[in-house]
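Below, each chain spelled out in residue letters.
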Amino acid sequence: MRLFVGLGNPGAKYARNRHNIGFMAVDEIARRHGFAPWRRRFQGETSEGTLGTERVILLKPTTYMNDSGRSVQEAASFFKIAMGDVTVFHDELELPPGKVRVKIGGGIAGHNGLRSISAHIGNDYRRVRLGIGHPGVKELVHGHVLSDFAKADNDWVTALCEAVAEHAGLVAKGTDATFANRVHLAMQAKGFLTKDENGKE
């Protein structure tokens, strides 16, 4: 069994914030793959279903971002899910908009949701980092992540969540590099990422 956690803040006020792209991604996974209706528990909302042959619990903590770890720990303990089977979908300032990277463990880069999760369950869980871009200077970061996506961003945000949902089964199987590549190619095909950003893609 896998636990997929989308990070965000609860309530309509925050629904379209950049910080809430994790919520958006798991909502799309639930919708696309016909998961069960969301229900309130574990200080959050959960939905259950399957991706390929893997049973997956989706979790959206409703504790507010800074306390996400309480909800994740409760769900992981209840289902006896090991840290290596927890995947967290979250916004990533250090990646360009629409870019995706997957890593296991590592630093939290000032992300309070990750800080809380690491404090509660340890650090070696999988992170699906969803690029939202950086405002350019540190002083603007707080306002940037807690502001809504601009209307001009809607198309790539929708395309990214759709691509993540379409290929989410690869994350459930642990084929992270293939997942990231498929999402990248899907975004490229829709014209949102350039062919050669650093000479590496």
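Rules behind the numbers
Residues numbered from 1 in each chain as written. Predicted model: local features only at pLDDT ≥ 70, side-chain atom pairs only at ≥ 80, totals over all residues. Heavy atoms only, no water. UniProt positions renumbered as here; feature names shortened; annotations may be inferred. Axes fitted to C-alpha atoms, helices over the stretch in contact; angles between N-to-C directions. Helix = DSSP H or I, 4+ residues; strand = E, 2+ residues; numbered from the N terminus. Parallel < 35°, antiparallel > 145°, perpendicular 65-115°, else oblique. Left-handed = near helix turned anticlockwise from the far one by under 90°. Contact = heavy atoms within 4.5 Å. Nonpolar A, V, L, I, M, F, W, Y, C, P; charged D, E, K, R; others polar. Core = buried A, V, L, I, M, F, W, Y, C linked by side-chain atoms within 4.5 Å. Buried < 20%, exposed > 50% of the residue type's maximum accessible area, 1.4 Å probe, protein only. Pairing = 2+ DSSP bridges.

An unreviewed UniProt entry lists the protein under the name Peptidyl-tRNA hydrolase, from Bradyrhizobium ottawaense. Turning to the protein, the UniProt record has this under Subcellular location (unreviewed entry): "Cytoplasm".

Participant: Go over the packing of helix α1 (residues 21-32) against helix α5 (residues 154-166) with me, naming the residues and quoting the values.
Facilitator: With their axes 8 Å apart at the nearest point, α1 and α5 run at an angle of 55° to one another. Here α5 runs oblique to α1, going by the angle between their axes. As α1 runs across α5, the sense of the crossing is right-handed. Packed against α1, whose contacting residues are I21, M24, A25, E28, I29 and R32, the element α5 presents W156, V157, L160, C161, E162, V164, A165 and E166 at the interface. Classifying every residue of the contact of α1 with α5 by side-chain character gives 10 nonpolar, no polar and 4 charged.

Participant: Any details on the nonpolar core? Residues and values, ideally.
Facilitator: Residues F4, I21, I29, F89, L130, L160 and V164 are the most contacted members of the largest nonpolar core, which totals 36 residues. Looking at this core, the elements that each hand over two or more residues are α1, β4 (54-61), β7 (126-131), α4 (141-145), α5, α6 (168-173) and α7 (176-189). Counting residues per element, this core draws most heavily on α5, at 8 residues. What F89 contacts, discounting residues up to four positions off in sequence, is F4, V5, G6, L7, G22, A25, V26, I29, V128, L130 and V164.

Participant: How would you explain the sheet that holds strand β6 (residues 100-104) if you had to name every residue and give the values?
Facilitator: With mixed pairing, the 7 strands of this open sheet are ordered in space as β2-β3-β4-β1-β5-β7-β6. Looking along the sheet, the strands with just one partner apiece sit at the ends: β2 (39-41) and β6. Adjacent strand axes in the sheet meet at a mean angle of 30°, parallel and antiparallel pairs treated alike. In terms of strand pairing, strand β1 (residues 2-6) meets β4 through 4 bridges, oriented parallel. Bridging from a neighbouring strand, F4 pairs with L58 of β4. Taken strand by strand, helix α2 (residues 68-79) contacts β1, β2, β3 (44-51), β4 and β5 (86-92), and its axis lies near 150° from that of β4.

Participant: Outline the UniProt feature "site: Discriminates between blocked and unblocked aminoacyl-tRNA" (unreviewed entry) in the protein, listing residues and values.
Facilitator: Summarizing the sequence annotation, UniProt attributes the feature "site: Discriminates between blocked and unblocked aminoacyl-tRNA" (unreviewed entry) to N9 in the numbering used throughout. By secondary structure assignment, the location of N9 is in the loop between β1 and α1. For N9, a relative accessible area of 6% gives the class buried. Setting aside its immediate chain neighbours within four residues, N9 contacts Y14, H19, N20, F23, Y64, M65 and L146.

Participant: Before we move on, can you summarise the pairing of β4 with the specific residues and values?
Facilitator: Of all 8 residues making up β4, 7 are buried, and the element is well covered by its neighbours. With 8 bridges joining them, β3 and β4 adopt antiparallel strand pairing. Bridge pairing links G44 to P61 in β4. Linkage of β3 to β4, two consecutive antiparallel strands, is achieved through a turn of 2 residues, within which G52 is found at a positive phi near 65°.

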